[in-house]
Structures are given as C-alpha cells and as structure tokens.
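# Examining the three-dimensional arrangement
These are the residues of each chain, in order.
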Amino acid sequence: QAAEFAKYMQKARAQAVKELKPQLVSTPASPVLGNASGDVTVVEFLDYRCPYCKAMHQPIADMIAADGNVRVVIKEFPILGDDSLFAAREALASGKQGKYAEMHAALMTFKGKLSAQDVESAAAELGLDVVRLKVDMAAPEVDQELQQNYNLAESLGINGTPAFVIGDTLIPGAIKLEDLKAHIAKARDEAS
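The structure contained in this document is the topic of the report that follows. No experiment lies behind these values; they were computed from the predicted model shown.

This paragraph deals with the pattern of salt bridges. One pass over the structure, following the stated rule, counts eight salt bridges. With a shortest N-O distance of 2.9 Å, Arg188 and Asp39 are connected by a salt bridge. Of the two residues, Arg188 is situated in helix H8 (residues 177-191) and Asp39 in the loop between strand S1 (32-34) and strand S2 (40-46); the sequence distance between them amounts to 149 residues. Arg132 is the salt-bridge partner of Asp136, the closest N and O atoms lying 3.3 Å from each other. On the criterion of helical spacing, the pair formed by Asp136 and Arg132 is a turn pair, its members being four residues apart in helix H6 (residues 130-137). Overall, Arg132 belongs to the partly exposed group, its relative accessible area being 37%. Among the charged side chains, a network of salt bridges with common partners joins Asp39, Asp67 and Arg188.

What follows is the structure in structure tokens.
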C-alpha cells in the first residue's frame, strides 16, 4: 500500500506541476539566472540559511556555465526564521538595483549562520544603496512574491528546501549535478 500511495502522490504532484506551470516559470517578480530565454527552465525553491541550498549553489552555477540554454527561476522560500525572511526580502529588493545575481551569490556563499547584519554587510560590499534597499524591501510586490511562493510550495507539497521543478518533475531536496543534468536532458527531450 505504501508503494501505491507513493505512486498516487507522484501523479498528484505531476498534475499540480502542470497546472501551476505558468506561475512556476513565468512570474515577472521571480528572479531568473542563466539564459533568460533558455529552452529548459529549472525552478528552485530555496532559503539562504539552508545548508543544502548552499551546497547546491556551486553545482547550479556550474550547470548554468556549462549549458548556455538553461533558465533558472529562483523562488525565494524563507522557512528558517526571521533572518531567512530578511535575506529573501533584501535579495528580491537588490533586483531593483540590478544586482540580484550578485546578492544571491553573496548570500549563498556566505559561511556561517546568516544574520540580518550579515545580509546588510553583503549588500554594502556589493555597492548597493542600502537606504533604497530598505524602502524596496517593504514594497508590496516583495510581499506578493513571497506569498505566491509559499502558496505554490503548499500546492506542490513542498515543505523543505531546496526543491526543484524541472519539466513536469518535482524534485524535493538536494541532488547531484549529474542528476540535475539528466533531468534537464529529459525535459529537453520531452519538449522537442
């Protein structure tokens, strides 16, 4: 019965992914890394304080560098407390100054337990206008993006980070670079 239930859940998730595809892959407020018009989209739900998300940062950067046709949509999903929420808000706000990718990389490569002060220091080091950042963090569209990400995660049964959606497949948890590439190749095959 457990195997049947797992199969049922997999089907239900695949159906939810198909139904929610527009919100997953083409929400203007969600930051995009890699090739913005790539032929395969990888959606990543992440939290900047999650060690597994941090472990996935370099493999994803390597994949983007190796495959110039991959589009990575970041879904900020701060679930590990107030400092996570602060980091997600500041990362999204940094996009208004054209520095989302740099801020994202700085937060993902930060060693240690990320605090609000660490996030602010990273922003200052990147040359961001910190006063403007504070204003942009409180913008309604930041709240809307985070709320939509929480709603999407709930609809897909995602309750941890990282989680990926590639093609019609939901992958909970960290995965190896080879597996990531295999899922991308499969999605590419299915799309052609």
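Here the narrative resumes, following the displayed structure.
A separate point is unusual backbone geometry. Look at the link from Thr161 to Pro162: it is a cis peptide, with omega at -10°. Relative to the elements of secondary structure, Pro162 occurs in the loop between helix H7 (140-156) and strand S4 (163-166).

Considering the arrangement of structural elements, one finds His104 in helix H4 (residues 100-108). The contacts of His104, once residues within four sequence positions are left out, are Leu33, Leu46, Tyr48, His57 and Ile74.

Along S4, one buried face is formed by Ala163 and Val165 and the opposite face, lined by Phe164 and Ile166, is buried too. Of the pairings in the sheet, the one linking S2 to S4 comprises four bridges and is antiparallel in character. Among the inter-strand pairings, Val43 is bridged to a residue of S4, identified as Val165. Connecting S4 to the antiparallel partner strand S5 (residues 169-172) that follows it, the hairpin turn spans two residues, and Gly167 within it adopts a positive phi of roughly 65°.

Considered for burial, the residues of H6 that qualify are Leu133, Asp136 and Met137. Looking down the long axis of H6, one finds its buried residues gathered within 100° of arc, a one-sided arrangement. Away from its buried face by more than 90 degrees, H6 exposes Val131 and Val135. Capping the start of H6 is the job of one residue whose side-chain oxygen sits 3.1 Å from the backbone nitrogen of Val131: Asp129.

A few words on helix H3 (residues 82-94). The end-to-end C-alpha distance of H3, which contains 13 residues, comes to 18 Å, matching closely the 18 Å that a straight helix rising 1.5 Å per residue would cover. Of the positions making up H3, those classed as buried are Ser84, Phe86, Ala87, Ala88, Arg89, Glu90, Ala91, Leu92, Ala93 and Ser94. Buried residues belonging to H3 abut strand S3 (70-76), H4, helix H5 (116-125), H6 and H7.

Turning our attention to the sheet that holds S1. Across the sheet, which stays open at both edges, the five strands sit in the order S1-S3-S2-S4-S5 with mixed pairing between neighbours. In this open sheet, the two edge strands, each paired with only one partner strand, are S1 and S5. Taken over all neighbouring pairs, the strand axes of this sheet differ in orientation by 25° on average, direction set aside. The strands that H7 touches are S2, S3, S4 and S5; relative to S3, the one it contacts most, it runs at about 100°.

The next subject is a nonpolar patch on the surface. A cluster of nonpolar side chains, Phe5, Tyr8 and Met9, forms an exposed patch at the surface whose accessible area comes to about 340 Å². Looking at the element boundaries, Phe5 is found in helix H1 (residues 2-25).

Definitions and cut-offs
- Counting from 1, residues in each chain are numbered in the order their sequence is written.
- Local features in this predicted model are restricted to residues of pLDDT 70 or higher, and side-chain atom pairs are both shown and tallied only at a pLDDT of 80 or more, whereas totals for entire chains, interfaces and linings draw on every residue.
- Water and hydrogen atoms play no part in the side-chain values, which are based on all heavy atoms of the structure.
- The working definition used for a salt bridge is a side-chain nitrogen of Lys or Arg within 4 Å of a carboxyl oxygen of Asp or Glu.
- Strands here mean DSSP runs of E at least two residues long; helices mean DSSP runs of H or I at least four residues long; both are numbered from the N terminus.
- The classification of residues rests on relative accessible area computed with a 1.4 Å probe and restricted to protein chains. Under 20% of the type maximum is buried, over 50% is exposed, and intermediate values are partly exposed.
- A contact between two residues is defined here by any heavy atoms of the two lying within 4.5 Å.
- When DSSP finds two or more bridges between two strands, those strands count as paired.
- The directions from the helix axis to the C-beta atoms form the arc being described.
- Under the rule applied, a polar contact is a pair of N or O atoms within 3.5 Å (in protein, one hydrogen donor and one hydrogen acceptor; residues adjacent in sequence only if both atoms are side-chain atoms).
- Take the number of residues in a helix, subtract one, and multiply by 1.5 Å to get its expected span.
- Inter-axis angles, ranging from 0 to 180 degrees, are taken between N-to-C directions of lines fitted to C-alpha atoms, where helices are fitted over the stretch in contact.
- Think of a patch as exposed residues, more than 30% relative accessible area, with no salt bridge, where like charges cluster within 9 Å and nonpolar side chains (Val, Leu, Ile, Met, Phe, Trp, Tyr) cluster within 5 Å.
- Computed with a 1.4 Å probe, the accessible areas rest on the Shrake-Rupley method; for each residue, only the protein chains presented here act as cover.

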